[in-house]
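Chains, contacts and geometry: an overview
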Protein chains: 2
Amino acid sequence: MSANIYWTIYNDYAEKIQNGDIPAGAKIPSESELADSYGTSRETVRKALGLLSQNGYIHKVKGKGSFVLDLGKMKFPITGLISFKEMSERLGRKSRTLVYKTERVPASRVISAHLDLNEGTTVWEVIRSREIEGERVILDKDYFVPERVGTLTPEIAARSIYDYLENTLNLSISYAKKEISVEPATPEDRALLDLNNLSHVVVVRNYVYLEDTTLFQYTESRHRLDKFRFVDFARRAH
Amino acid sequence: MSANIYWTIYNDYAEKIQNGDIPAGAKIPSESELADSYGTSRETVRKALGLLSQNGYIHKVKGKGSFVLDLGKMKFPITGLISFKEMSERLGRKSRTLVYKTERVPASRVISAHLDLNEGTTVWEVIRSREIEGERVILDKDYFVPERVGTLTPEIAARSIYDYLENTLNLSISYAKKEISVEPATPEDRALLDLNNLSHVVVVRNYVYLEDTTLFQYTESRHRLDKFRFVDFARRAH
DNA sequence: CAGTGGTCTAGACCACCCT
DNA sequence: GGGTGGTCTAGACCACTGC
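Quick caveat: nothing in here was measured; it's all calculated off a predicted structure.

Cut-offs used in this document
- Residues numbered from 1 in each chain as written.
- Chains lettered and ligands numbered in written order.
- Predicted model: local features only at pLDDT ≥ 70, side-chain atom pairs only at ≥ 80, totals over all residues.
- Heavy atoms only, no water.
- Core = buried A, V, L, I, M, F, W, Y, C linked by side-chain atoms within 4.5 Å.
- Buried < 20%, exposed > 50% of the residue type's maximum accessible area, 1.4 Å probe, protein only.
- Helix = DSSP H or I, 4+ residues; strand = E, 2+ residues; numbered from the N terminus.
- Contact = heavy atoms within 4.5 Å.
- Least-squares fit on C-alpha atoms with pLDDT ≥ 70 in both.
- UniProt positions renumbered as here; feature names shortened; annotations may be inferred.
- Near = heavy atom within 4 Å.
- Polar contact = N/O pair within 3.5 Å; in protein donor to acceptor, adjacent residues only side chain to side chain.
- Nonpolar A, V, L, I, M, F, W, Y, C, P; charged D, E, K, R; others polar.
- Pairing = 2+ DSSP bridges.
- Axes fitted to C-alpha atoms, helices over the stretch in contact; angles between N-to-C directions.
- Parallel < 35°, antiparallel > 145°, perpendicular 65-115°, else oblique.
- Left-handed = near helix turned anticlockwise from the far one by under 90°.

Looking now at the nonpolar core. Residue and element names in this part refer to chain A. Counting residues in each nonpolar core, the largest one holds 32 residues, and the members touching the most others are L115, F144, V149, L152, I161, L165 and F216. Looking at this core, the elements that each hand over two or more residues are helix 5 (109–115), strand 5 (122–132), strand 6 (135–144), helix 7 (154–158), helix 8 (161–168), strand 7 (173–184), strand 8 (200–210) and strand 9 (215–224). In this structure, I161 is in contact with V126, R128, F144 and I156, ignoring residues within four places of it in sequence.

Following this line, the structure appears as structure tokens:
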């Protein structure tokens, strides 16, 4: 996005690796070579390579060089704050969003606790299900602090709320906490999802914070058991 | 671990935050102040603060400063390559490990595929269940490439295999990929876990790589649905 | 305006690897 | 010994927030 040099280098190589232009196991140019070829300093190159390493694109070995990993392919993310729309587009699957509710409602005890508000405070409630290849397999229940989001409409909810928040309202999402657990299906789950008699659902609770560290969204994503998948890449602490 | 300056700063503040010595919302000293007080340069301080930020301890705001987040408490990890033993100790729960099997066996078709070996190659198979507060809720099935691990014994398996690998064999684990899904319980799950009639288990497949990028361990961690929990902290891409 | 974090530079020394 | 990545320095300029 920015005109940062390290960001340019990062994207150049992330793309080359994802496209397979540089095969898994291959060595990328040394830090000094990259510094020369991009006309920058080694520390700046190192910033880019650090990002590539963190995100599972490369692996750096002292004394030898940096090598391409073969994990770049299935970067299947619930990880990393990616939206349903981005995800289904990336996978090229036929998908559809069904909007059940887009309303301002008083927060229930549970919801107000999740959003750290007083019970009864007005919040936006958006309830949608996600249909993939003809089956409703995800139920998304979103709650927003109303001062931040202005007015939501079913049309916005059907497209991408994140698009609207980031590009129209210029809110900048900063970080989020996710909790994954498995819980018994509720009557609502049975009504709005095609559960096929499965007794439980995977629940992903997502707390989204803005740049000023205020919590402004709580989302409960309820997945049919057999359609849930989560991939995580982790480097050893040190 | 190392005598690195940035590592020292990171640990100092990670500890202060975890202990509550610096409360959530408080501002930590500016980068220049930290550089002075640690007798180092600003870039080195920035490296430490970058780590604190990534791990959810602080949040940096341009023009204002760095502020403590309140997520440091329940850093409940399957995230980050932490072992069962470390985890249960951290939580102070009564737990026990039951070792069912510690043997060299020819790899099945499935296992050889996971470890990228030829079918029938000899691998170490370790099967253990984890009992927490009297119930067996996790079934761990580990497979190791034998050239790397030498000899495993039930005694080692009962303590911590990672301890043995890292401190005795001096293998250095580098990175890992995890996949989480939910699958029907197998007869083995029913035999070795206290499933309470639950029909499915959460399966965490873990692929562990060494510094030289070779895959050397595949682990299948099978959790009872109601005892599974996963927490993830993520910063927005940019 | 002074103070903050974000980016970048042009060096330096070290530890490690390979030949 | 020459090449590599890991750490660190002492500056610089910018963009942003606050007063």
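Moving on: the environment of R205 of chain B. Residues and elements named next belong to chain B. Its place among the elements puts R205 in strand 8 (residues 200–210). The class of R205 is buried, set by a relative accessible area of 17%. Between the C-alpha atoms of R205 and P187, which are 18 residues apart in sequence, the distance is 19 Å. Ignoring any residue separated from it by four or fewer positions in sequence, one finds R205 in contact with H114, K177, K178, E179, S181, E183, Y218, T219 and E220.

Overlaying chain A with chain B gives an RMSD of 0.0 Å, the required rotation being 180 degrees about an axis along which the chain moves by 0.0 Å. Such a combination of rotation and displacement between the chain copies is what one expects of a two-fold axis. Mapped onto chain B, 100% of the interface residues of chain A are again interface residues, and the two copies thus contact each other with one and the same surface.

According to UniProt, the positions carrying the feature "domain: HTH gntR-type" (unreviewed entry) are residues 3–71 of chain A. Counted over residues 3–71 of chain A, helix gives 51% and strand 14%. Its end C-alpha atoms are 27 Å apart.

This part covers the protein's contact with DNA strand C. Inspection of the region around DNA strand C gives 25 residues, with I5 and T40 of chain A together with R42, E43 and R46 of chain B positioned closest. Of what DNA strand C places within 4 Å of the protein, 70% of the atoms are sugar or phosphate. Between T44 of chain A and DNA strand C, the recorded distance is 3.0 Å, taken from a side-chain N or O atom to a phosphate oxygen. Contacts to DNA strand C include R46 of chain B, whose side-chain N or O atom sits 2.6 Å from a phosphate oxygen. Counting only elements with at least two residues in the surface near DNA strand C, the list comes to helix 1 (5–19) and helix 3 (42–54) of chain A together with helix 3 (42–54), strand 2 (58–61) and strand 3 (65–68) of chain B. Sorting elements by how many residues they give to the surface near DNA strand C places helix 3 of chain A first, with four residues. Residues that form the surface near DNA strand C fall into these classes: three nonpolar, ten polar and twelve charged.

All right, on to the sheet that holds strand 4 (residues 95–106) of chain B then. Judged by pairing direction, the sheet is antiparallel, and its seven strands sit side by side in the order 10(A)-7(B)-8(B)-9(B)-6(B)-5(B)-4(B) without closing on themselves. A single partner strand is all that each edge strand has here, and the edge strands are strand 10 (230–235) of chain A together with strand 4 of chain B. Between one strand and the next, the sheet's axes are offset by a mean angle of 15 degrees, whatever the strand orientation. Bridge analysis of strand 4 of chain B against strand 5 (residues 122–132) of chain B gives eleven bridges, and the strand direction is antiparallel. By the bridge assignment for strand 5 of chain B, V105 of chain B is matched with V123 of chain B.

Bringing the packing of helix 1 of chain A against helix 3 of chain A into the picture now. The angle between the axes and the distance between the axes are what describe a pair of packed helices. Residue and element names in this part refer to chain A. The N-to-C vectors of helix 1 and helix 3 enclose an angle of 45 degrees; their axes lie 8 Å apart at closest approach. In this view, helix 1 runs oblique relative to helix 3, as classed from their interaxial angle. In this structure, helix 1 meets helix 3 at a crossing whose hand is right-handed. Contacts between helix 1 and helix 3 involve I5, Y6, W7, I9, Y10, Y13 and A14 from the first element and T44, V45, K47, A48, L51 and L52 from the second. Partitioning the contact of helix 1 with helix 3 into residue classes produces eleven nonpolar, one polar and one charged.

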